[in-house]
Amino acid sequence: MINSKSSIDPNELRKLFPIFSKRSLVYLDSAATSQKPEIVINTVKNFYDEYNSNVHRSIYDISQEATEAYEIAREKIAKFLNIDKVNSIIFTKGTTESINLIAYSWVRHNLQKDDEILITEMEHHSNIVPWQLACKDIGAKLKIIPFEMDGTLSNPEKYFSKKTKLVSVTHQSNVFGTINDIDKIITLAKKYNAISVIDAAQSVPHFPVDVKALDCDFLAFSGHKMLGPTGVGVLYGKPELLEKMNPFLGGGEMIRSVKLNESTWNDIPWKFEAGTPNIAQAIGLGAAIDLLNQIGMKEIHNYEKKITDYTINSLREIDGIKIYGNAPNRGGVITFNIDNIHSHDLAQIVNNDKIAIRAGHHCAQPIMNKLNVSSTARVSFYFYNTFDEIDLLCNSLKKAIKLFQ
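In this text the structure is predicted, and so the values were computed from the model without any measurement.

Cut-offs applied
- Residues numbered from 1 in each chain as written.
- Predicted model: local features only at pLDDT ≥ 70, side-chain atom pairs only at ≥ 80, totals over all residues.
- Heavy atoms only, no water.
- Pairing = 2+ DSSP bridges.
- Helix = DSSP H or I, 4+ residues; strand = E, 2+ residues; numbered from the N terminus.
- Axes fitted to C-alpha atoms, helices over the stretch in contact; angles between N-to-C directions.
- Phe/Tyr/Trp six-rings, centres within 6.5 Å; stacked < 30°, edge-to-face > 60°.
- Buried < 20%, exposed > 50% of the residue type's maximum accessible area, 1.4 Å probe, protein only.
- Lys NZ or Arg CZ within 6 Å of the ring centre and 35° of its normal.
- Arc of directions from axis to C-beta.
- Contact = heavy atoms within 4.5 Å.
- 1 Å grid on protein atoms, 1.4 Å probe; cavity = no way out; pocket = protein on both sides within 12 Å on 5 of 7 lines; lining within 4 Å.
- Points joined across faces, edges and corners; volume = space filled by probe spheres on them.
- Nonpolar A, V, L, I, M, F, W, Y, C, P; charged D, E, K, R; others polar.
- Patch = residues over 30% accessible without salt bridge, like charges linked within 9 Å, V, L, I, M, F, W, Y side chains within 5 Å.
- Areas by Shrake-Rupley, 256 points an atom, 1.4 Å probe, with all protein chains shown as cover.
- Salt bridge = Lys/Arg side-chain N within 4 Å of Asp/Glu carboxyl O.
- Parallel < 35°, antiparallel > 145°, perpendicular 65-115°, else oblique.
- Left-handed = near helix turned anticlockwise from the far one by under 90°.
- Lys, Arg positive; Asp, Glu negative; His and termini not counted.
- Polar contact = N/O pair within 3.5 Å; in protein donor to acceptor, adjacent residues only side chain to side chain.

**Q** In this structure, what is going on with the sheet that holds strand 11 (residues 321–324)? I would like to understand it.
**A** In a beta sheet, neighbouring strands pair by backbone hydrogen bonds and run either parallel or antiparallel. The strand order across the open sheet built from four strands is 11-12-15-14, with neighbouring strands paired in antiparallel fashion. Two strands bound the open sheet, and with one partner strand each, they are strand 11 and strand 14 (358–360). If you compare each strand with its neighbour and ignore which way they point, the axes differ by 30° on average. Judged from the four bridges that link them, strand 12 (residues 333–338) and strand 15 (residues 376–380) form a sheet pairing that is antiparallel.

The structure is reproduced here in structure tokens:
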């Protein structure tokens, strides 16, 4: 049992992750996906070993057991986010599908020509492309809140108008690490009677997120970035909105009755969970949440802040490194380049030292275009990273610089 009141000891926590005992690895890409603890791996395996069956469909014992475990996972997520109504939690494949669900089931049925959808310039492609497609279909306009070169948003209030019907913004940038002032964004949305959507893929895994306090309309995140399996995500929506929305997908489970010429829909959340859901993955996500609760989200955030500050200070001591973004409120993501070294070459060189970093545009090409770079290197952290690993990274970067001199 982990004492959540104690300070985080990453060396002890690393023992919970089989991958770190099986190979030499400095893993600095948790913004892309986190490593998986043994409890999650075993939970998924146990489902397939002990009670593999479909949910909501049968009365035999293992189906009932699977259904109970699946719905308990939903309850854990609601409690984790401080959400009162469990039926406001919809299981999806991930943040991308969650945002697309809103774009298809809410936007296309509520917006009209010349209405406006508002996003920011620092969004992940998953929070850009669905809105582009929706605007093209209905003739709405996509407006953009720009960012400053320090990685903060530039006067969001300037971009709201009476035509703003929906605003969708990342809680934490996957490039700059900026933690945006979404309280302000949500308040502005309410002022203009607009729907608020929060891309929480980079925030929910790393610090406490209280949906009740935020009072946003929708919030989306992915399980695989918070110790859970791939292939499962979550969409939170206010029940009064979900009730009025049409289903995103049609098929089994999402129906109440089917006739050859018409059908009626199930209650929420099942109305939006057509077909066989990602049962094992959802149950595995429940186990991941158990572990995060045990460690403590405030503890995780505080530790990541310390290792982020240490990394930034260490990188600044290396000649030729340019760090992008310097927001006062930021999470454990650092994006940078080194003079005369392409980020892909850099990633390959440090990989030779068994260090995994990200290189590319990070599904954020508009950011790269504004920074006037084709790609960047990125390091991102979780509670299993150590300060010693940062020293190893910096030594490897220095070796790369000498190689290219």
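From this point, the discussion proceeds with the structure in view.
**Q** How should I be thinking about the packing of aromatic side chains in this particular structure?
**A** Between two aromatic rings, the relevant description is the distance of the centres plus the angle of the planes. Inspection of every chain in the model, using the stated rule, returns 15 aromatic pairs. Taking the centre distance of 5.2 Å and the plane angle of 90° together, the rings of Phe47 and Tyr51 count as edge-to-face. With respect to burial, Phe47 and Tyr51 carry one shared label: buried. Members of the aromatic cluster, connected to one another through ring pairs, are Phe17, Phe20, Tyr382, Phe383 and Tyr384. Lying over the aromatic face of Tyr104, Arg108 brings its terminal NZ or CZ to 3.8 Å of the ring centre.

**Q** Would you mind showing me how to read the sheet that holds strand 6 (residues 195–199) here?
**A** Ordered by their spatial adjacency, seven strands build an open sheet running 2-8-7-6-5-3-4, and the pairing between neighbours is mixed. Strands at the two margins of the open sheet, each flanked by one partner only, are strand 2 (89–92) and strand 4 (141–145). Adjacent strand axes in the sheet meet at a mean angle of 20°, parallel and antiparallel pairs treated alike. By the bridge criterion, three bridges tie strand 3 (residues 116–120) to strand 5 (residues 164–170) in an arrangement that is parallel.

**Q** What should I look at first to understand helix 12 (residues 343–351) in this one?
**A** Along an α-helix, residues three or four positions apart point the same way, because every turn accommodates 3.6 residues. Listed in full, the buried residues belonging to helix 12 are Ser343, Leu346, Ala347, Ile349 and Val350. Around the axis of helix 12, the buried residues are gathered within 165° of arc, so they sit on the same side. Buried residues in helix 12 make contact with strand 12, strand 13 (355–356), strand 14, strand 15 and helix 14 (387–404).

**Q** I'm lost on the layout of surface pockets in this one. Help?
**A** Once rolled over the atoms, a probe with the size of a water molecule shows which space is left empty. Considered as a void within the structure, the largest pocket measures approximately 410 Å³ in volume. Looking at the largest pocket, it is lined by 26 residues, and the ones nearest its centre are Thr96, His124, Ser126, His224 and Lys225. At three residues, the largest contribution of residues to the lining of the largest pocket is made by helix 5 (residues 95–110). Its residues placed into classes, the lining of the largest pocket shows five nonpolar, 14 polar and seven charged.

**Q** Can you walk me through a nonpolar patch on the surface in this structure?
**A** Together, Tyr104, Val129 and Leu133 make up an exposed nonpolar region whose accessible area comes to about 240 Å². Its location among the elements puts Val129 in helix 6 (residues 129–138). Judged by relative accessible area, which is 39%, Val129 ranks as partly exposed.

**Q** Please explain helix 7 (residues 182–191) as it appears in this structure.
**A** For helix 7, the full list of buried residues reads Ile182, Ile185, Ile186, Leu188 and Ala189. Projected onto a plane normal to the axis of helix 7, the buried residues spread over an arc of 160° and lie on a single side. Residues of helix 7 that are exposed and angled more than 90 degrees away from the buried face: Thr187 and Lys191. Where helix 7 is buried, its residues meet strand 5, strand 6 and helix 8 (211–214). Trailing helix 7 by a residue or two, Asn193 shows a phi angle of about 55°, which is positive.

**Q** What am I meant to see in the packing of helix 12 against helix 14 here?
**A** The relative placement of two packed helices is expressed as an angle between their axes plus a distance between the axes. Running from N to C, helix 12 and helix 14 cross one another at 120°; their axes reach a closest spacing of 9 Å. What the angle tells us is that helix 12 and helix 14 run oblique. By crossing handedness, the relation of helix 12 to helix 14 is classed as right-handed. Listed contacts from helix 14 to Asp345, Leu346, Ile349 and Val350 of helix 12 are Ser396, Leu397, Ala400, Leu403 and Phe404. Class assignment for the residues of the contact of helix 12 with helix 14 results in seven nonpolar, one polar and one charged.

**Q** Got a minute to help me understand empty space enclosed by the protein in this structure?
**A** Counted by the stated rule, this structure contains one cavity of 30 Å³ or more. Taken as a whole, the largest cavity encloses approximately 50 Å³ of empty space. Lining the largest cavity we find Gln172, His206, Phe207, His301, Glu304, Lys305, Thr308, Arg330, Gly331 and Gly332. Split into classes, the residues belonging to the lining of the largest cavity amount to one nonpolar, six polar and three charged.

**Q** I tried to follow the pairing of strand 8 (residues 233–237) on my own but got confused; where do I start?
**A** For a regular strand, side chains alternate in direction, first toward one face of the sheet and then toward the other. Among the five residues in strand 8, five count as buried, and that is most of the element. Both faces of strand 8 are covered, namely the face carrying Gly233, Leu235 and Gly237 and the face carrying Val234 and Tyr236. Relative to strand 8, strand 2 runs antiparallel, the two sharing four bridges. Residue pairing for strand 8: Ile89 is matched across the bridge by Tyr236. Bridge count for strand 7 (residues 218–222) against strand 8 is five bridges, and the pairing is antiparallel. Paired with Ser222 across the strands is Gly233, a residue of strand 8.

**Q** Help me understand the side chain of Asp115, please; the structure alone is not making it clear to me.
**A** Looking at the secondary structure, you find Asp115 in the loop between helix 5 and strand 3. One buried charge, Asp115, has no salt-bridge partner; the nearest side chain with opposite charge is Lys165, at 4.5 Å. Here the side chain of Asp115 touches Gln112 through a polar contact of 2.7 Å, landing on its backbone nitrogen. Each residue touching Asp115, except ones within four places of it in the same chain, is listed here: Asn110, Ala140, Lys141, Lys163 and Lys165.

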